[in-house]
Amino acid sequence: MTLEQIKNILPSLENVEFQLENGTFIPEHFHVTEIGMATKSFIDCGGTIRKEERVNFQLWDADDFEHRLKPGKLLHIINLSEEKLGIGNFEIEVEYQDATIGKYDLDFNGKNFILKNKVTACLAQEVCGIPQEKQKINLSELKNNQDSCCTPNSGCC
């Protein structure tokens, strides 16, 4: 989800609710402690220099049980971050501490914002020696090919 997408969704909501992909809700008294721009420059294992830019939201579960972030307030914080920091319309990455600080992609299911689990991957598979996974075929589902010499009763086996 991009920054522009969340800005378009927020005015239609009564409450801002975040939910982990496993269904667990972030406590409703969470705080958005940061909105910023995260830039990552790196080199992959194949030697390609790469750059990623994301908008970063940090959620914090405080002991402030009376706190409730309303959509208008979050929209105000986003607009302020765009104005003061020059943040553009990039994909959003959310930091949230569960057992450890996790980074999540953001999605929306029509009611709640979903923190989608991120996974690591090799970005240079063609040059770093990782063997390609062979396609698994169920032989019992193959149709007999009439042009093949190895059809039943063809005498080839």
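Structure first, text after, so check above.
This structure is a prediction, so every number in the text was calculated from the model and none was measured.

A. Just the overall build of the protein, in detail. Along its length, the protein carries two helices and six strands. Mapped from its N terminus to its C terminus, the protein presents α and β elements in the order α-β-β-β-α-β-β-β. Counting every position in the protein, which comprises 157 residues, the buried fraction comes to 31%. Long-range contacts, defined here as pairs at least 24 residues apart, represent 64% of the contacts in the protein between residues at least 6 apart. As displayed, the protein offers around 11,000 Å² of accessible surface, 48% of which is attributable to carbon and sulfur atoms.

B. Layout of the environment of Lys-51. Looking at where Lys-51 falls in the secondary structure, it is placed in strand β3 (residues 49-60). Sequence separation of Lys-51 and Lys-40 is 11 residues, and the distance between their C-alpha atoms is 5.5 Å. When sequence neighbours within four positions are dropped, the list of residues in contact with Lys-51 reads Thr-39, Lys-40 and Ser-41.

C. Expanded view of the pairing of strand β2 (residues 31-43). Alignment of β2 against β3, held across 12 bridges, turns out to be antiparallel. When the sheet's bridge partners are listed, Phe-42 is paired in β3 with Arg-50. Counted between consecutive antiparallel strands, the loop separating β2 from β3 contains five residues, among which Gly-47 sits at a positive phi close to 95 degrees.

D. Quick peek at the pattern of salt bridges. What the rule picks out here adds up to 10 salt bridges. Among the salt bridges present, the one from Lys-7 reaches Glu-4, with a minimum N-O distance of 3.9 Å. With Lys-7 and Glu-4 both in helix α1 (residues 3-9), this residue pair falls three residues apart, about one helical turn. For Lys-7, a relative accessible area of 17% corresponds to the buried category.

E. Main features of the side chain of Glu-93. You can see Glu-93 is positioned in strand β4 (residues 92-97). When near neighbours in sequence (up to four residues on either side) are disregarded, Glu-93 contacts Arg-54, Val-55, Asn-56, Phe-57, Lys-103, Tyr-104 and Lys-118.

F. Structural detail: the sheet that holds strand β5 (residues 101-108). Pairing is mixed in the open sheet, where six strands are placed in the order β1-β6-β5-β4-β3-β2. Only two strands of the sheet have a single neighbouring strand rather than two, namely β1 (18-20) and β2. Across the sheet, the mean angle from the axis of one strand to that of its neighbour is 40 degrees, orientation sign disregarded. Those strands touched by helix α2 (residues 71-85) are β2 and β3, and its axis lies near 45 degrees from that of β2.

G. Representation of the nonpolar core. Of all hydrophobic cores here, the largest spans 28 residues; its most connected members are Ile-6, Phe-57, Phe-113 and Leu-115. Each residue touching Phe-113, except ones within four places of it in the same chain, is listed here: Met-1, Ile-6, Ile-9, Leu-10, Leu-13, Val-16, Glu-17, Phe-18, Gln-19, Leu-106, Asp-107 and Phe-108.

H. Looking closely at a negative patch on the surface. A contiguous patch of negative charge, built from Asp-61, Asp-63, Asp-64 and Glu-66, is present on the exposed surface. Overall, the relative accessible area of 68% leaves Asp-63 in the exposed class.

I. Main features of the layout of surface pockets. Of the volumes computed, that of the largest pocket is approximately 450 Å³. Breaking the lining of the largest pocket down by element, the ones donating at least two residues are β2, β3, β4 and β5. Taken together, the residues of the lining of the largest pocket sort by class into five nonpolar, three polar and nine charged.

J. The environment of Thr-24, seen in detail. Tracing the chain through its elements places Thr-24 in the loop between β1 and β2. Considered as a pair, Thr-24 and Leu-115 are 91 residues apart in the sequence and their alpha carbons are 10.0 Å apart.

Definitions and limits used
- Residues numbered from 1 in each chain as written.
- Predicted model: local features only at pLDDT ≥ 70, side-chain atom pairs only at ≥ 80, totals over all residues.
- Heavy atoms only, no water.
- Helix = DSSP H or I, 4+ residues; strand = E, 2+ residues; numbered from the N terminus.
- Buried < 20%, exposed > 50% of the residue type's maximum accessible area, 1.4 Å probe, protein only.
- Contact = heavy atoms within 4.5 Å.
- Areas by Shrake-Rupley, 256 points an atom, 1.4 Å probe, with all protein chains shown as cover.
- Pairing = 2+ DSSP bridges.
- Salt bridge = Lys/Arg side-chain N within 4 Å of Asp/Glu carboxyl O.
- Axes fitted to C-alpha atoms, helices over the stretch in contact; angles between N-to-C directions.
- Core = buried A, V, L, I, M, F, W, Y, C linked by side-chain atoms within 4.5 Å.
- Patch = residues over 30% accessible without salt bridge, like charges linked within 9 Å, V, L, I, M, F, W, Y side chains within 5 Å.
- Lys, Arg positive; Asp, Glu negative; His and termini not counted.
- Charge placed at Lys NZ, Arg CZ, Asp CG, Glu CD.
- 1 Å grid on protein atoms, 1.4 Å probe; cavity = no way out; pocket = protein on both sides within 12 Å on 5 of 7 lines; lining within 4 Å.
- Points joined across faces, edges and corners; volume = space filled by probe spheres on them.
- Nonpolar A, V, L, I, M, F, W, Y, C, P; charged D, E, K, R; others polar.

As far as function goes, none of this settles anything; it's purely spatial.
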